Amino acid sequence: MDKAKHDYFKQLLIQQRQDLIAGATETVVEMTDEDDTFPDPNDRATLESDRNFLLRIRDRERKLLTKIDKALERIEAGSFGLCEECGEEISEGRLKVRPVTTLCIKCKEEQEKQEKVRPA
Ligand SMILES: [Zn+2]
């Protein structure tokens, strides 16, 4: 992968990172804005499940953030775009959709097949 492509994916990842952080901040604001003294127990239950939902989202965001940071590290190290399993180049089309990926489509499919046989 040449420098122009590295730069392209670096920008893409930085953009995703910013969007994610902006989204995460909104979630925090929403949570602190909630009125904790709902009188109706049914409303209260809804509020609790909403909160669990938000926390799950945040967990996913955190994981994605880690993946983005790792991908940025790989760009710096020059190993970005190479499959961790087989060392082949990951197709650009796949990287554009999912720049944080570390597996080529072949290895990813293989991994998914194994996960189906032996669920994590
Ligand atoms: Zn591979």
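Residues numbered from 1 in each chain as written. Predicted model: local features only at pLDDT ≥ 70, side-chain atom pairs only at ≥ 80, totals over all residues. Heavy atoms only, no water.

Draft legend 1. Here's a closer look at the nonpolar core. By size, the foremost hydrophobic cluster in this structure holds 15 residues, and its most contacted members are Leu13, Ile68, Phe80 and Cys83. The set of elements that each furnish at least two residues to this core consists of helix H1 (3–33) and helix H2 (41–77). With four residues, H2 is the single largest residue contributor to this core. Those residues in contact with Phe80 that lie beyond four places of it in its chain are Met1, His6, Phe9, Leu13, Ala71, Arg74, Ile75, Leu95 and Pro99. (Core = buried A, V, L, I, M, F, W, Y, C linked by side-chain atoms within 4.5 Å. Buried < 20%, exposed > 50% of the residue type's maximum accessible area, 1.4 Å probe, protein only. Helix = DSSP H or I, 4+ residues; strand = E, 2+ residues; numbered from the N terminus. Contact = heavy atoms within 4.5 Å.)

Draft legend 2. Region of interest: the coordination of the zinc ion. Of the protein atoms, only Cys83 (SG), Cys86 (SG), Cys104 (SG) and Cys107 (SG) coordinate the zinc ion, at distances of 2.3 Å. Viewed at the metal, the four donor atoms of the zinc ion are separated by angles of 104 to 114°, and the geometry they form is tetrahedral. Donor residues for the zinc ion sit on one chain with the sequence pattern C-x2-C-x17-C-x2-C. Remark: Cys104 occurs in the loop between helix H3 (92–97) and helix H4 (105–117) and Cys86 occurs in the loop between H2 and H3; sequence separation between them is 18 residues. (Donors = N, O, S within 2.8 Å, 3.2 Å for Na, K, Ca; no water. Tetrahedral: all angles 85-135°; square planar, octahedral: opposite > 155°, others 65-115°.)

Draft legend 3. View of the packing of aromatic side chains. Across all of its chains, the model carries two aromatic pairs by this definition. Relative to Phe9, the ring of Tyr8 has its centre 5.0 Å away and its plane inclined at 80°; by these criteria the two rings are edge-to-face. Here Tyr8 falls in the partly exposed class, since its relative accessible area comes to 38%. Residue Phe9 is classed as buried on the basis of its relative accessible area of 0%. (Phe/Tyr/Trp six-rings, centres within 6.5 Å; stacked < 30°, edge-to-face > 60°.)

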